[in-house]
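Spelled out from the first residue to the last, the chains are:
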Amino acid sequence: MSAVETIGLTKDYEVGFLKKPHRALDHLDLEVEQGEIFGLIGPNGAGKTTTLKLLMGLVFPTEGEARILGKPVDDRRMKAEIGYLPEQPYFYDYLTGRELLNYFGQLFGLSSAERRSRADELLAKVGITSAADVQLRKYSKGMTQRLGVAQALLNRPRVVFLDEPMSGLDPVGRREMTLLVRELQGSGVTVFFCSHILPDVEQLCDRVAILDKGKLVAVGRMSEILDVSIDTIEVVADNVEAELEVKLRPLCRSLERVGDRVRLSCAEQADFDDAAAELMQGGGRLLSVTPVKQTLEDLFVRKVGEKAQT
Amino acid sequence: MIRVGYIALNTYRETVRDKVLYNLVLFALLMIASSYILGKISVYQEVKIIKDLGLAAISIFGMAIAIFVGIGLVSKEIDKRTLYSLLPKPITRVQFLLGKYFGLCLTVLVNVLVMTAGLYFLLFLMSEPFEPALLKAIFLIYVKLTVLVGVALLFSTFTSSTLAGVFAGFVYVVGYFSTDLKNFDSVVDTGALPQITKALYYLLPNFKNFDIKAPIVAGDIVPMTQIVWATAYGLVYVSLLLVASAWVFQRRNLK
Ligand SMILES: Nc1ncnc2c1ncn2[C@@H]1O[C@H](COP(=O)(O)OP(=O)(O)O)[C@@H](O)[C@H]1O
Ligand SMILES: [Mg+2]
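Since the structure is predicted, the reported quantities are computational estimates derived from the model, not experimental observations.

A. Looking closely at helix 1 (residues 48–55) of chain A. All names here are of chain A. Summarising burial for helix 1: seven of the eight residues are buried, a large majority. By the burial criterion, the buried members of helix 1 are K48, T50, T51, L52, K53, L54 and L55. Following helix 1 by one or two positions, G57 has its phi on the positive side, about 70°.

Structure, rendered in structure tokens:
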């Protein structure tokens, strides 16, 4: 049984006075395995939040269906086993952080002792213990986001859905969030999250799906979709005479002079070996060698760009 | 079902933490108190004026709470997006609606009780004997208010607060003069208007059914059967309103 499954999931929103349909999500097929950290990425308006809202039963699909832990999205027993952090969450501002967790704990059917200990534990984990008894109207955006994470974990869920979990957090908060997701994965929790902050996704995810204008453009393991063969090696050298430069050129994908230095990049390990040998012989001096992996960002720009052209 | 209770209690907590509510209650108690002064000015019938105004205050302020708080019950949760984190919890949309409904009914009940206590206290100050008949009128006022909360809830499921308020106020006014609507064709008998007014008569709750203030204050006997019938009418109407609200809300996309 997969943790999350969508089959031809499609959503049209009616926009404007004429209720013209606008396709926010177009026949999305996804399968997320249990225990995975799965990232759904895409530019603004790609349909990430819409996908999560469909999974949470907040909006209804125009076509297709979705299943979580093998159950339809409105199954109450299944809902007791998931957690959800909405995008830019907002909670009852007349409650304190502790009261909110207690209320949601009641809805999850936790005993009162369990609610108390779980609330204390989670408030500490997300670092807002000192604001536990402050009304939420006085919370900052980052504190609300932290509380949002706490309420998503209240019931020790098997699958957690996080919509832009890093937004509203400072760098320290992001780091903590990353550790938290790792910890969740360590205890076997499936994490499904949306983000447009790619470096975060890159460090965290087992698999990613790239969404653009409601359509799936790529999905796979990080190592699969980030094509390793196009890794490059960047070299910086100086003392490169004109004669040497001529010899190096055919070995490089690019070569440019920056002041009295030369920056060149080699596409293959063999080219780099040759270039390094030439440099030694021709009196050049190697200053640095950096292997550069293709980043998710490169891929993202390429995929989304490709589609824009077609 | 215990979850409906939790949602109701949270709704109750929301309203009692709202300053608007205290202002309304304070105002209502002031109104009841001022009837005391009014009663003093007029030479006799002092007690009658207090009863009249007291019952009117309970009704009017109860209505204000039912409508002004009621219209935000669902729409505010959608606008503020608090529902996004609530509905994915293991509850159904119907449980949410019922919780909201009963929560506000509880708030209204507490308010009615506070005002009732105020009214009896005033009568006690004037050395009036305890008069249980007033409770009959107050009971039916409360039944009426629960219907009104249902009306507000229904509008709240598909429209924004302001519009829902206008609609709910409209339903109350038209529903109150319902009997006149039925006989509207004796005034105007051309065009579609009589048909429309007749349809409204059958559709809208007849709020006059709950109004026994005048005979109670006058000291007339109001038969128990009348009260039972009015209550049954209210219960049926509330059930219909809840079913309609659920029907609308279950289909609603939360954008
Ligand atoms: N409530 C709505 N009504 C109409 N269109 C919407 C609504 N919500 C989202 N959309 C549209 O659907 C598309 C996808 O939006 P969304 O899922 O929020 O994207 P993302 O989360 O990837 O930024 C966008 O084009 C957006 O304008
Ligand atoms: Mg989004």
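From this point, the narrative continues.
B. Quick peek at the nonpolar core. In this structure, F161 and F192 of chain A are the most contacted members of the largest nonpolar core, which totals 162 residues. Sort the elements by how many residues they give to this core and helix 7 (residues 133–158) of chain B lands first, with 16 residues. Leaving out residues up to four positions away in the same chain, F161 of chain A has contacts with V4, L52, L55, M56, I68, I82, G83, Y84, L85 and F192 of chain A. One finds L244, C252, L255 and L264 of chain A within the second-largest nonpolar core, a separate group that totals 16 residues.

C. Main features of the packing of helix 1 (residues 2–16) of chain B against helix 6 (residues 93–125) of chain B. Residues and elements named next belong to chain B. The contact between helix 1 and helix 6 brings their axes to 7 Å, and the two run at 45°. Judged on the interaxial angle alone, helix 6 and helix 1 are oblique. Helix 1 and helix 6 meet at a crossing whose hand is right-handed. Between helix 1, through V4, I7, A8, L9, T11, Y12, E14 and T15, and helix 6, the contact on the second element is made entirely by Q95, F96, L98, G99, K100, F102, G103, L104, L106, T107 and V110. Taken together, the residues of the contact of helix 1 with helix 6 break down into eleven nonpolar, six polar and two charged.

D. The arrangement of empty space enclosed by the protein in detail. All told, the structure shown has four cavities of 30 Å³ or more when counted by the stated rule. Lining the largest cavity we find M56, I82, G83, Y84, F108, Q151 and A152 of chain A together with P88 and K89 of chain B. Every element with two or more residues in the lining of the largest cavity is listed here: strand 6 (82–85) and helix 5 (141–153) of chain A. Top contributing element to the lining of the largest cavity by residue count: strand 6 of chain A, with three residues. For the lining of the largest cavity, the per-class residue count stands at six nonpolar, two polar and one charged.

E. View of the site of ligand 1. As a structural note, the neighbourhood of ligand 1 is formed by 13 residues, with G45, G47, K48, T49 and T50 of chain A the closest of them. More than one chain approaches ligand 1, the contributing ones being chains A and B. Between ligand 1 and the protein, one listed contact pairs an oxygen atom with a side-chain N or O atom of H22 of chain A at 3.0 Å. Contact between ligand 1 and K48 of chain A: an oxygen atom at 2.8 Å from a main-chain N or O atom of the residue. Among the elements of the structure, strand 1 (4–15), strand 2 (20–32) and helix 1 of chain A are those that each provide at least two residues to the shell around ligand 1. Partitioned by chemical class, the residues of the shell around ligand 1 number five nonpolar, six polar and two charged.

F. Geometry of the sheet that holds strand 4 (residues 63–68) of chain A. Residues and elements named next belong to chain A. Strand order in the open sheet formed by four strands is 2-1-4-5, and the pairing between neighbours is antiparallel. The open sheet terminates on both sides in strands that have one partner only, identified here as strand 2 and strand 5 (71–72). Bridge count for strand 1 against strand 4 is five bridges, and the pairing is antiparallel. The residue bridging I7 from the neighbouring strand is E65, located in strand 4. Along the sheet face, helix 1 touches strand 1, strand 2 and strand 4 and points at about 110° away from the line of strand 1.

G. Examining the sheet that holds strand 8 (residues 190–195) of chain A more closely. Residue and element names in this part refer to chain A. Read across the open sheet, the six strands follow the order 6-7-8-3-9-10; overall the sheet is mixed. At either end of the open sheet lies a strand with only one pairing partner, and these are strand 6 and strand 10 (215–221). Within the sheet, the average angular offset between the axes of one strand and its neighbour, ignoring direction, is 15°. In this structure, strand 7 (residues 159–163) lies alongside strand 8, joined through five bridges in parallel fashion. The residue of strand 8 that forms the bridge with L162 is F193.

H. Main features of the coordination of the magnesium ion (ligand 2). All names here are of chain A. Coordination sphere of the magnesium ion (ligand 2), protein contribution only: T49 (OG1) and E87 (OE), at 2.0 to 2.6 Å. In this pair, T49 sits in helix 1 while E87 sits in the loop between strand 6 and helix 3 (97–107), placing the two residues 38 residues apart along the sequence. Classification of E87 by relative accessible area gives partly exposed; the value is 30%.

I. Seen up close, the domain arrangement of chain A. Domain annotation for chain A reports domain 1 (4–225) and domain 2 (230–293). Distance from the C-alpha centre of domain 1 of chain A to the C-alpha centre of domain 2 of chain A: 46 Å.

J. Local environment of the pattern of salt bridges. Tallied over the full model, the rule gives 24 salt bridges over all chains. The closest approach of N and O atoms between E65 of chain A and R67 of chain A, which form a salt bridge, is 3.7 Å. Owing to a relative accessible area of 40%, E65 of chain A belongs among the partly exposed residues under this scheme. On the basis of relative accessibility, which here comes to 29%, the residue R67 of chain A falls in the partly exposed class. With a shortest N-O distance of 3.5 Å, K100 of chain B and E14 of chain B are connected by a salt bridge. Pair noted here: K100 of chain B is in helix 6 and E14 of chain B is in helix 1, with a separation of 86 residues, a long-range link. The class for K100 of chain B is buried, based on a relative accessible area of 3%. Classification of E14 of chain B by relative accessible area gives buried; the value is 16%. Taken together, the shared-partner salt bridges in this structure form one network comprising D12, R23, D26 and K215 of chain A.

K. The arrangement of unusual backbone geometry in detail. Residue and element names in this part refer to chain A. The backbone of R156 sits at a positive phi, close to 45°, despite the residue not being glycine. The topology assignment puts R156 in the loop between helix 5 and strand 7. According to the relative accessible area criterion, R156 is exposed, its value standing at 57%. The backbone of E164 shows a phi angle near 50°, a positive value even though the residue is not glycine. Structurally, E164 can be placed in the loop between strand 7 and helix 6 (171–186). Overall, E164 belongs to the buried group, its relative accessible area being 5%.

L. The interface of chain B and chain A, seen in detail. Counting residues at the interface gives 29 residues for chain B and 32 residues for chain A. Both faces considered, chain B and chain A share a buried interface measuring about 3,000 Å² in area, 54% of it formed by carbon and sulfur atoms. The interface formed by chain B and chain A includes two salt bridges. For E99 of chain A, the salt bridge is made with R17 of chain B, and the minimal N-O distance between the two is 2.9 Å. Across the chain B-chain A interface, the total number found is 19 residue pairs in polar contact (both at pLDDT 80 or more). Elements supplying a minimum of two residues to the side of chain B that touches chain A: helix 1, helix 5 (83–86), helix 6 and helix 12 (224–251) of chain B. Here the element with the most residues in the side of chain B that touches chain A is helix 1 of chain B; it accounts for six residues.

Rules and cut-offs
- Residues numbered from 1 in each chain as written.
- Chains lettered and ligands numbered in written order.
- Predicted model: local features only at pLDDT ≥ 70, side-chain atom pairs only at ≥ 80, totals over all residues.
- Heavy atoms only, no water.
- Buried < 20%, exposed > 50% of the residue type's maximum accessible area, 1.4 Å probe, protein only.
- Helix = DSSP H or I, 4+ residues; strand = E, 2+ residues; numbered from the N terminus.
- Core = buried A, V, L, I, M, F, W, Y, C linked by side-chain atoms within 4.5 Å.
- Contact = heavy atoms within 4.5 Å.
- Axes fitted to C-alpha atoms, helices over the stretch in contact; angles between N-to-C directions.
- Parallel < 35°, antiparallel > 145°, perpendicular 65-115°, else oblique.
- Left-handed = near helix turned anticlockwise from the far one by under 90°.
- Nonpolar A, V, L, I, M, F, W, Y, C, P; charged D, E, K, R; others polar.
- 1 Å grid on protein atoms, 1.4 Å probe; cavity = no way out; pocket = protein on both sides within 12 Å on 5 of 7 lines; lining within 4 Å.
- Points joined across faces, edges and corners; volume = space filled by probe spheres on them.
- Near = heavy atom within 4 Å.
- Polar contact = N/O pair within 3.5 Å; in protein donor to acceptor, adjacent residues only side chain to side chain.
- Pairing = 2+ DSSP bridges.
- Donors = N, O, S within 2.8 Å, 3.2 Å for Na, K, Ca; no water.
- Domains from an automatic or database assignment.
- Salt bridge = Lys/Arg side-chain N within 4 Å of Asp/Glu carboxyl O.
- Buried area = accessible area lost by both parts, 1.4 Å probe.

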